[in-house]
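What follows is the residue order along each chain.
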Amino acid sequence: MDREPEPELMNKKSQVKAYCAADFSLGEENLIKFISNYLDINNIKLTRNDLILDLGCGPGNISEKLSERWPDVNVLGIDGSQEMIREAESRMFKNKIMNKYRNLNYLCSDIRKISSLKNFSRNEITLLVSNSFIHHINDIDNFFKFIITLSNKETINFHKDLIRPKDEETALKLKDKCSQKYSAILTNDYYASLKASYRKNEVQKKILDLNLNSMNVVEESEEYLIVYGKV
Ligand SMILES: C[S@@+](CC[C@H](N)C(=O)[O-])C[C@H]1O[C@@H](n2cnc3c(N)ncnc32)[C@H](O)[C@@H]1O
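Residues numbered from 1 in each chain as written. Predicted model: local features only at pLDDT ≥ 70, side-chain atom pairs only at ≥ 80, totals over all residues.

A.B. asks: How should helix H4 (residues 82-96) be read in this particular structure?
C.D. replies: For an α-helix the count is 3.6 residues per turn, leaving residues at separations of three or four pointing the same way. The terminal C-alpha atoms of H4 lie 20 Å apart, and with 15 residues this matches the ideal 21 Å at 1.5 Å per residue to within 8%. When H4 is considered as a whole, its buried residues turn out to be Glu83, Met84, Ile85, Glu87, Ala88, Arg91 and Met92. Contact partners of the buried residues in H4: helix H1 (13-21), helix H3 (61-69), strand S2 (74-79) and strand S3 (104-108). (Helix = DSSP H or I, 4+ residues; strand = E, 2+ residues; numbered from the N terminus. Expected span 1.5 Å × (residues − 1). Buried ≥ 20, exposed ≤ 12 C-beta atoms within 10 Å, placed from the backbone. Contact = placed C-beta atoms within 7 Å.)

A.B. asks: Honestly, the site of the ligand in this entry has me stumped. Any pointers?
C.D. replies: Near the ligand lie 19 residues; those nearest to it are Glu8, Gly56, Gly58, Gly80 and Asn131. A breakdown of the residues in the shell around the ligand according to their chemical character gives 7 nonpolar, 8 polar and 4 charged. (Near = placed C-beta within 6 Å. Nonpolar A, V, L, I, M, F, W, Y, C, P; charged D, E, K, R; others polar.)

A.B. asks: Is there a simple way to explain the packing of helix H2 (residues 25-41) against H3 in this structure?
C.D. replies: When two helices pack together, their arrangement is given by the angle between the helix axes and the distance between those axes. Between H2 and H3, whose axes approach to 10 Å, the crossing angle comes to 45 degrees. In this view, H2 runs oblique relative to H3, as classed from their interaxial angle. H2 and H3 meet at a crossing whose hand is right-handed. On the side of H2, the interface is formed by Glu28, Leu31, Ile32 and Ser36, while H3 contributes Asn61, Ile62, Lys65 and Arg69. Partitioned by chemical class, the residues of the contact of H2 with H3 number 3 nonpolar, 2 polar and 3 charged. (Axes fitted to C-alpha atoms, helices over the stretch in contact; angles between N-to-C directions. Parallel < 35°, antiparallel > 145°, perpendicular 65-115°, else oblique. Left-handed = near helix turned anticlockwise from the far one by under 90°.)

A.B. asks: Could you clarify how one ought to interpret the environment of Glu29 in this entry?
C.D. replies: Relative to the helices and strands, Glu29 resides in helix H2. The spatial distance from the C-alpha of Glu29 to the C-alpha of Asn61 is 10.0 Å, given a sequence separation of 32 residues.

A.B. asks: Please clarify how the sheet that holds strand S6 (residues 215-219) should be interpreted in this entry.
C.D. replies: What holds strands together in a sheet is hydrogen bonding between their backbones, with the strands either parallel or antiparallel. Spatial ordering of the open sheet is given by S3-S2-S1-S4-S5-S7-S6, a layout of 7 strands whose pairing is mixed. Either end of the sheet is taken by a strand with one partner, and the two such strands are S3 and S6. Adjacent strand axes in the sheet meet at a mean angle of 15 degrees, parallel and antiparallel pairs treated alike. In this structure, S2 lies alongside S3, joined through 5 bridges in parallel fashion. By the bridge assignment, Asp79 is partnered in S3 with Cys108. (Pairing = 2+ DSSP bridges.)

A.B. asks: I'm lost on unusual backbone geometry in this one. Help?
C.D. replies: Leave glycine aside and you will find that most residues have negative phi; peptide bonds, for their part, are mostly trans. Phi angles above zero are rare outside glycine, and Asn99 is one such case at about 70 degrees. Summarising the element assignment, Asn99 is placed in the loop between H4 and S3. Here Tyr101, not a glycine, exhibits a phi torsion of approximately 60 degrees, which is positive. Mapped onto the secondary structure, Tyr101 falls in the loop between H4 and S3.

A.B. asks: Looking at this structure, I do not really get the nonpolar core. What am I missing?
C.D. replies: Inside soluble globular proteins, nonpolar side chains tend to come together where they are buried. Residues Ile52, Leu53, Leu127, Leu128, Val129, Ile147 and Phe158 are the most contacted members of the largest nonpolar core, which totals 52 residues. The element that contributes the greatest number of residues to this core is helix H5 (residues 140-150), accounting for 5 residues. With residues up to four places along the chain from it excluded, the contact list for Leu53 reads Leu76, Ile78, Ile125, Leu128, Val129 and Leu150. (Core = buried A, V, L, I, M, F, W, Y, C linked by C-beta atoms within 7 Å.)

Written out as structure tokens, the structure is:
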């Protein structure tokens, strides 16, 4: 199945509402565990001087989990959609009253304008994380351009995303499974995302072309891959 790009930003109110109503917590927890294990195995301890950046943070599903897992580390979620950031901030402010997410902040900004982002310096970024973000980027070259621009030589990248199914039949089966649990809007978005996603070999080829010898890509399952390491 050939790749069919989808719009980068999720700006529509109905789309954001449908996304926020869904429960993706299992996959999100798995990404947090993957990051934790990597840090443990490499004996890396995060401190209050570190910064975790969550690219394409949406309503904050991953940013919140990062903030809870590393409460002493600053976490910054970035998304170009005002609707998404409005949701994320509303959730964060409600919880800050209960002393949660004190280390968490959000920024509404399009990653394509990365060179003009002034809210942080790349020297500060210890972990560069994203979930369900890569497939929104129209060209895989741009995804790597973004993470190379944002990373310093110590920054560790963790990017999890869907894998494009091998054929239309498999995509339709996954779409049907999604429709049994979620709304029509979310199901259609998920189907579009499946078709916009990259495959392991496409990501691997880019890693080789760019000589990113410390980057790896693994298939977490038939549906998800994780790109990780230093650029
Ligand atoms: C499928 S959502 C994932 C949200 C979140 N990471 C999660 O795991 O729930 C993808 C998000 O990436 C954002 N996005 C896509 N392209 C972007 C860009 N160029 N700059 C900033 N955000 C972008 C979209 O607006 C959307 O909120």
